[in-house]
Amino acid sequence: MYLLGFDIGSSSVKVSLVNGENGNCVASSFYPKEEMQITAHQAGWAEQEPELWWKNLKLALADVLKESGVNPESIESIGISYQMHGLVMVDKNHKVIRPSIIWCDSRAAAIGDKAFEEIGAQRCLSSLLNSPGNFTASKLKWVKDNEPALFEKVYKIMLPGDYIAMKLSGEIQTTVSGLSEGIMWDFKTNSLSDSLFENYGFTKDIIPEIVPTFAVQAQLNPKVAEELGLSPKTKVSYRAGDQPNNALSLNVLNPGEIAATAGTSGVVYGVSDEIKYDPQSRVNTFAHVNHSAENPRLGVLLCINGTGILNAWLKRLVGENLSYDEMNQLAAEVPIGSKGVTILPFGNGAERVLNNRNIGSVFNGINFNIHKKEHLLRAAQEGIVFSFKYGMDIMQNTGIDAKVIRAGKANMFLSPIFRKTLAGVTGATIELYNTDGSVGAARGAGIGSGYYASAKEAFANLTKLETVEPDAGKKAEYQDAYNNWKKELEKALK
């Protein structure tokens, strides 16, 4: 029996097919091969056409079915991972009303700040665990205020993964985990937030049916199944935002466990059983995939928007003829601290960890007679890691203390400099695994459909590829480099 995982990112859509019995990924593919288009009509805006996700999913799925040669009847169920915080709006005919306002769009930050003040900081934080900030509900309020004719057409709102599930099954549904990431869920009442909906002027009937994260949520629509080359017996049985799903893919489900990713953006995600929050909402608390009111499991999330996108930008600028491996080798020739060059990586929109400020990326300490591109390449990786460290110090106040960090061996975690610097400056052990979001979603589908009796069974053959321990002999060097970087950040924030 096989399990399908769909990972709906903002750069690409990845599909993986997993052998349920042994947990091996038998085929995977992603589209587009270049980064997916993001439209920005104004600075700080970011939109994507939901139909683009569906188009690329179909292309990737066709590759996977062809490569694997499996009988579609043997595919048990589908799990969906998706880019968090995106807003999809549909009318009564299930037609998309406007492009999706996605996670890195910062147009609604002022709306969220105003609601935080009007509802009251204490009420927001104790019930929603966050400021409404620049999250999905605030994006919808922006549409209400600025595109009222479109808002009038809204039948239901969804997150990107809910949209994909709708395309597969025809059912419009969402989850508590998803609603919490949109800052619409009241953890005190275990229901939709009266205070937020009243403040924003929304009626609750725009929210889809709420289904469990792990469950047989729907069957494939027969016409869609035929179009995709799948069986109509295949079930949709799991959905989660990309960061909770990444944690699931690394078997991070229990209090004290921590997962990290470092793709276009970077995330550190720790699990807690205590309802705690950062008073300034610089790190955010959401319902984890296995959360329930009776057995709380909260994911505390640090997001750094400017992560791999900085590395990719530098590759285009100074490393066009270099592979990422060659860039890493060049950077390794430079000592810790990059001989005084520091880079603040905040060039991908407003950063929550900086109180939703957009300070841009800042390069400091460059000497034209000393520094070469390898200094910039190392300083970029150090700057990304140091931004993680800065946010993880804030996470400690919510009870998340990083002793072990689990990550898939992908993206920035492929770089030895990145891994060693993260271990060196945080003092945490880094564990790298053979998994990714699409494989994690497939395992989640197996849990939701009942194919696996438990998460323990689902992750029985998760393989650890590498362990990186902190280098105690270089602790002072890493700390000095971080302190130098932090001083430059404090200057920029002033």
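Because the structure is predicted, anything quoted here is derived from the model rather than measured. (Residues numbered from 1 in each chain as written. Predicted model: local features only at pLDDT ≥ 70, side-chain atom pairs only at ≥ 80, totals over all residues. Heavy atoms only, no water.)

**Topic: the packing of helix α13 (residues 373-395) against helix α14 (residues 416-426)**
A pair of packed helices is captured by two measures, namely the crossing angle of their axes and the spacing between those axes.
(1) Moving on: The N-to-C vectors of α13 and α14 enclose an angle of 35 degrees; their axes lie 9 Å apart at closest approach. As α13 packs across α14, the resulting crossing turns out to be right-handed. Contacts from Arg378, Gln381, Glu382, Ile384, Val385, Phe386, Phe388, Lys389 and Met392 of α13 reach α14 at Ile417, Phe418, Thr421, Leu422, Val425 and Thr426.
(2) Moving on: Looking at the contact of α13 with α14 residue by residue, the class counts come to nine nonpolar, three polar and three charged. (Axes fitted to C-alpha atoms, helices over the stretch in contact; angles between N-to-C directions. Helix = DSSP H or I, 4+ residues; strand = E, 2+ residues; numbered from the N terminus. Left-handed = near helix turned anticlockwise from the far one by under 90°. Contact = heavy atoms within 4.5 Å. Nonpolar A, V, L, I, M, F, W, Y, C, P; charged D, E, K, R; others polar.)

**Things to note about the packing of aromatic side chains**
(1) Moving on: In this structure the tally under the stated criterion is 15 aromatic pairs.
(2) Moving on: By way of ring pairs, the aromatic residues Phe151, Phe197, Tyr200 and Phe202 are connected into one cluster.
(3) Moving on: Lying over the aromatic face of tyrosine 31, lysine 33 brings its terminal NZ or CZ to 4.5 Å of the ring centre.
(4) Moving on: A cation over a ring is seen here: arginine 107 above tryptophan 142, with NZ or CZ 4.5 Å from the ring centre. (Phe/Tyr/Trp six-rings, centres within 6.5 Å; stacked < 30°, edge-to-face > 60°. Lys NZ or Arg CZ within 6 Å of the ring centre and 35° of its normal.)

**A closer look at the sheet that holds strand β3 (residues 25-31)**
(1) Moving on: Taken together, the six strands give an open sheet; going across it, the order is β3-β2-β1-β5-β14-β13, and neighbouring strands pair in mixed fashion. Each edge of the sheet is formed by a strand with only one pairing partner; in this case those strands are β3 and β13 (214-219). Neighbouring strand axes in the sheet, compared pairwise and without regard to direction, differ in orientation by 25 degrees on average.
(2) Moving on: Looking at chain direction, strand β1 (residues 2-8) and strand β5 (residues 75-82) are connected through seven bridges and run parallel. (Pairing = 2+ DSSP bridges.)

**Details of the pattern of salt bridges**
(1) Moving on: For the structure on display, the rule yields 24 salt bridges.
(2) Moving on: Arginine 378 is the salt-bridge partner of glutamate 382, the closest N and O atoms lying 2.9 Å from each other. Highlighted residues: glutamate 382 and arginine 378, both in helix α13, separated by four residues, approximately one helical turn.
(3) Moving on: The exposure class of glutamate 382 is buried, given its relative accessible area of 3%.
(4) Moving on: Salt-bridge contacts for aspartate 401 lead to lysine 403; the nearest nitrogen and oxygen are separated by 2.8 Å.
(5) Moving on: Using a relative accessible area of 55% as the deciding quantity, one classes lysine 403 as exposed.
(6) Moving on: Linked through salt bridges whose partners overlap, the residues forming this network are Glu47, Arg98, Asp105, Arg107 and Glu147. (Salt bridge = Lys/Arg side-chain N within 4 Å of Asp/Glu carboxyl O. Buried < 20%, exposed > 50% of the residue type's maximum accessible area, 1.4 Å probe, protein only.)

**A look at empty space enclosed by the protein**
The probe, sized like a water molecule, is rolled over the atoms to show the empty space still left.
(1) Moving on: In the structure shown here, the tally under the stated rule is two cavities of 30 Å³ or more.
(2) Moving on: Lining the largest cavity are 15 residues, and of these Trp103, Asn134, Asn305, Ala350 and Arg352 lie nearest its centre.
(3) Moving on: When its volume is computed, the second largest cavity comes out at roughly 60 Å³.
(4) Moving on: Every residue lining the second largest cavity is listed: Thr136, Ile157, Met158, Leu159, Asp162, Thr174, Gly178, Leu179, Met184 and Pro208.
(5) Moving on: For the lining of the second largest cavity, a count of residues per class yields six nonpolar, three polar and one charged. (1 Å grid on protein atoms, 1.4 Å probe; cavity = no way out; pocket = protein on both sides within 12 Å on 5 of 7 lines; lining within 4 Å. Points joined across faces, edges and corners; volume = space filled by probe spheres on them.)

**A closer look at the nonpolar core**
(1) Moving on: The biggest cluster of nonpolar side chains holds 63 residues, and the ones touching the most others in it are Met89, Leu140, Ile157, Met184, Leu196 and Ile207.
(2) Moving on: What leucine 140 contacts, discounting residues up to four positions off in sequence, is Leu87, Met89, Phe151, Ile157, Phe202 and Ile206.
(3) Moving on: Leu330, Ile343, Ala379 and Val468 belong to the second largest nonpolar core, which has 54 residues in total. (Core = buried A, V, L, I, M, F, W, Y, C linked by side-chain atoms within 4.5 Å.)

**A word on unusual backbone geometry**
(1) Moving on: The omega torsion across tyrosine 31 and proline 32 is -10 degrees, close enough to zero to call that bond cis.
(2) Moving on: For proline 32, the location among the structural elements is in the loop between β3 and β4 (47-48).
(3) Moving on: Within the chain, asparagine 411 stands out as a residue other than glycine whose phi angle is a positive 55 degrees.
(4) Moving on: By the element assignment, asparagine 411 lies in the loop between β21 (404-408) and α14.

**Description of the sheet that holds strand β17 (residues 284-287)**
(1) Moving on: The strand order β17-β18-β16-β15-β21-β22-β23 describes an open sheet built from seven strands, whose pairing is mixed. In this open sheet, the two edge strands, each paired with only one partner strand, are β17 and β23 (464-468). In this sheet, adjacent strand axes meet at a mean angle of 25 degrees when their direction is disregarded.
(2) Moving on: Of the pairings in the sheet, the one linking β21 to strand β22 (residues 429-433) comprises five bridges and is parallel in character. If you follow arginine 406 over to β22, its bridge partner there is glutamate 431.
(3) Moving on: Packed onto the sheet, helix α10 (residues 242-249) meets β15 (258-262), β16 (266-272) and β18 (298-304) and runs at close to 120 degrees relative to β15.

**A look at the pairing of β1**
(1) Moving on: With six of its seven residues buried, β1 lies for the most part within the structure.
(2) Moving on: Bridging between β1 and strand β2 (residues 13-19) involves seven bridges; their strand directions are antiparallel. Paired with glycine 5 across the strands is serine 16, a residue of β2.
(3) Moving on: Remark: four residues form the turn of the hairpin made by β1 and β2, two consecutive strands paired antiparallel.

**Notes on the state of the cysteines**
(1) Moving on: For the structure on display, the rule yields zero disulfides.
(2) Moving on: Here cysteine 104 stays free of any disulfide, with the sulfur of cysteine 303 as its closest cysteine sulfur at 9.5 Å. (Disulfide = S-S within 2.5 Å.)

**Here we look at α13**
(1) Moving on: For α13, which comprises 23 residues, the first-to-last C-alpha distance of 33 Å matches the rise-based estimate of 33 Å (1.5 Å per residue) to within 8%.
(2) Moving on: Among the 23 residues of α13, 21 are classified as buried, and the element is accordingly described as predominantly covered. (Expected span 1.5 Å × (residues − 1).)

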